[in-house]
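What follows is the residue order along each chain.
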Amino acid sequence: MGATVGLEDLGLTADENAVYEVLIGLPSSDRAELADTVALPVGRTDTALRALVDRGLVVLVADGLRYAAAPPTVALGAELAAHRERLHRAELSVARLAETYRVATADRAQRELVEIVEGVDAIRTRYLQLQLSARATIDIFSAGTPRAVTPADSAEVTAISRDVRVRAVIDQGFLAERGAADHVAQSLADGVQVRTVTEVPYKLILCDGAVAMLPLHGRGADVVPAVVLRGGLAHVARELFEQVWEGARPYQTRAHADIDAADAHILRLLLAGLTDTAVAGQAGMSVRTVQRRLHALMARAGATTRLQLGWYARDRGWI
């Protein structure tokens, strides 16, 4: 019969998959009944049963002649957890092997300081390797339109699951991109610490304060090629990140109980430096609606300027 459980991804053979699927739907069954239902020879059914018993997925009932499936949430839960752990170890092994390969083949003097990465695919791969190899911290500058590396290419969640602290500074150009606010909200939910500035110096990823990757030709240039820095050069990038981070504004998504969530979203984008038009695009409203809401907030706060509104909003904990 056609198997639908899909347990072959967990290491079961097709026969074991088919037998387990049948047993899940029965209180118990003997080997002959199973062989007939699964449409397998008795010998192959016996082999599958022995393997399933060894893995704890099937048990013999009291009479010693009939078999029953173990509860899937218990038996398969352990299998899934082990599968995830194996996949996680494989990811880390690939990252370590890639780094070992780079170290073994690069020129010694160049290896200690600079590595040039050519091509969008190579940059995307290197970015992922850096994130997966981080042990303590990942620091990021995000600016303008994502090119070589998009939010979908990130391994931040994997890093955070290993207790790696992830911080990101985003600028007006990044927030003005369609869907950027949603990406930032997801990053915050995943555990990333996010702050905003008017403009970051350049796109950057810095891992463990010791390895940095940024566009070779700086801000305003294409991200290809990129340069990976180590040693003293990476320490310069680390000091720059810390300075920008200290002067940046925290980006929050949880609205105060006294203010509407949509109004809080508008205020956050406005204080991040976006124009009314850019705020409207991110909030999914017309410019007129954004301005009407801002005027209502100013009246509520007794503010005559948007600067006063910003001070009032921060003082009251609205954002």
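Just so it is clear, the model here is predicted, and its values are computed rather than measured.

Conventions adopted
Residues numbered from 1 in each chain as written. Predicted model: local features only at pLDDT ≥ 70, side-chain atom pairs only at ≥ 80, totals over all residues. Heavy atoms only, no water. Helix = DSSP H or I, 4+ residues; strand = E, 2+ residues; numbered from the N terminus. Buried < 20%, exposed > 50% of the residue type's maximum accessible area, 1.4 Å probe, protein only. Contact = heavy atoms within 4.5 Å. Areas by Shrake-Rupley, 256 points an atom, 1.4 Å probe, with all protein chains shown as cover. Phe/Tyr/Trp six-rings, centres within 6.5 Å; stacked < 30°, edge-to-face > 60°. Salt bridge = Lys/Arg side-chain N within 4 Å of Asp/Glu carboxyl O. Pairing = 2+ DSSP bridges. Axes fitted to C-alpha atoms, helices over the stretch in contact; angles between N-to-C directions. Parallel < 35°, antiparallel > 145°, perpendicular 65-115°, else oblique.

A. Highlighting the overall build of the protein chain. Of the regular secondary structure elements, the protein chain holds 14 helices and eleven strands. Going through the 319 residues of the protein chain one by one, you find that 41% of them count as buried. Pairs at least 24 residues apart make up 65% of the contacts formed inside the protein chain by residues separated by at least 6 positions. Within the structure as shown, the protein chain displays about 16700 Å² of accessible surface, and the carbon and sulfur contribution to it stands at 55%.

B. Looking closely at the packing of aromatic side chains. Summed over all chains, the structure comprises three aromatic pairs. Relative to Tyr 202, the ring of Phe 141 lies with its centre 6.4 Å away and its plane at 65°, an arrangement referred to as edge-to-face. Of the two residues, Phe 141 sits in strand 5 (residues 137-142) while Tyr 202 sits in the loop between strand 7 (193-197) and strand 8 (204-207), which places them 61 residues apart along the sequence. Tyr 202 carries the same exposure label as Phe 141, and that label is buried. Each member of the aromatic cluster is reached from another via a ring pair, and the members are Phe 141, Tyr 202, Phe 241 and Trp 245.

C. Seen up close, the pattern of salt bridges. Following the criterion strictly, the structure yields 14 salt bridges and no others. Between Arg 44 and Asp 15 there is a salt bridge; the shortest N-O distance is 2.9 Å. You can see Arg 44 sitting in helix 3 (residues 42-54) and its partner Asp 15 sitting in helix 1 (residues 14-24), a full 29 residues away along the chain. A salt bridge links Asp 139 to Arg 167, with the nearest nitrogen and oxygen atoms 2.9 Å apart. Remark: Arg 167 occurs in strand 6 (residues 165-171) and Asp 139 occurs in strand 5; sequence separation between them is 28 residues. Exposure class is identical for Asp 139 and Arg 167. Each is buried. What emerges from the salt-bridge pattern is a single network uniting Asp 30, Glu 33 and Arg 66.

D. The arrangement of the sheet that holds strand 4 (residues 114-117) in detail. Within the open sheet, the eight strands sit side by side as 4-10-9-8-5-6-7-11. Their pairing is mixed. Bordering the open sheet on either side are strand 4 and strand 11 (249-250), each of which pairs with just one other strand. Summarising the sheet, strand 9 (residues 211-215) and strand 10 (residues 226-230) pair through five bridges and their orientation is antiparallel. By the bridge assignment, Pro 215 is partnered in strand 10 with Ala 226. Relative to the sheet, helix 10 (residues 231-247) contacts strand 4, strand 5, strand 6, strand 7, strand 8, strand 9, strand 10 and strand 11, its axis offset from that of strand 6 by approximately 70°.

E. Looking closely at unusual backbone geometry. The backbone of Ala 39 shows a phi angle near 65°, a positive value even though the residue is not glycine. Relative to the assigned elements, Ala 39 resides in the loop between helix 2 (31-38) and helix 3. Ala 39 sits in the exposed class, given a relative accessible area of 58%. Even without a glycine there, the phi angle at Asp 163 is positive, about 65°.

F. Here's a closer look at the pairing of strand 3 (residues 66-69). Pairing of strand 1 (residues 29-30) with strand 3 involves two bridges; the strand directions are antiparallel. Counterpart to Asp 30 in the pairing with strand 3 is Arg 66.

G. Highlighting the packing of helix 2 against helix 3. With their axes 9 Å apart at the nearest point, helix 2 and helix 3 run at an angle of 110° to one another. Taken together, the axes of helix 2 and helix 3 lie roughly perpendicular to each other. Where helix 2 abuts helix 3, its residues Arg 31, Leu 34 and Ala 35 lie against Val 42, Thr 45, Asp 46 and Leu 49.

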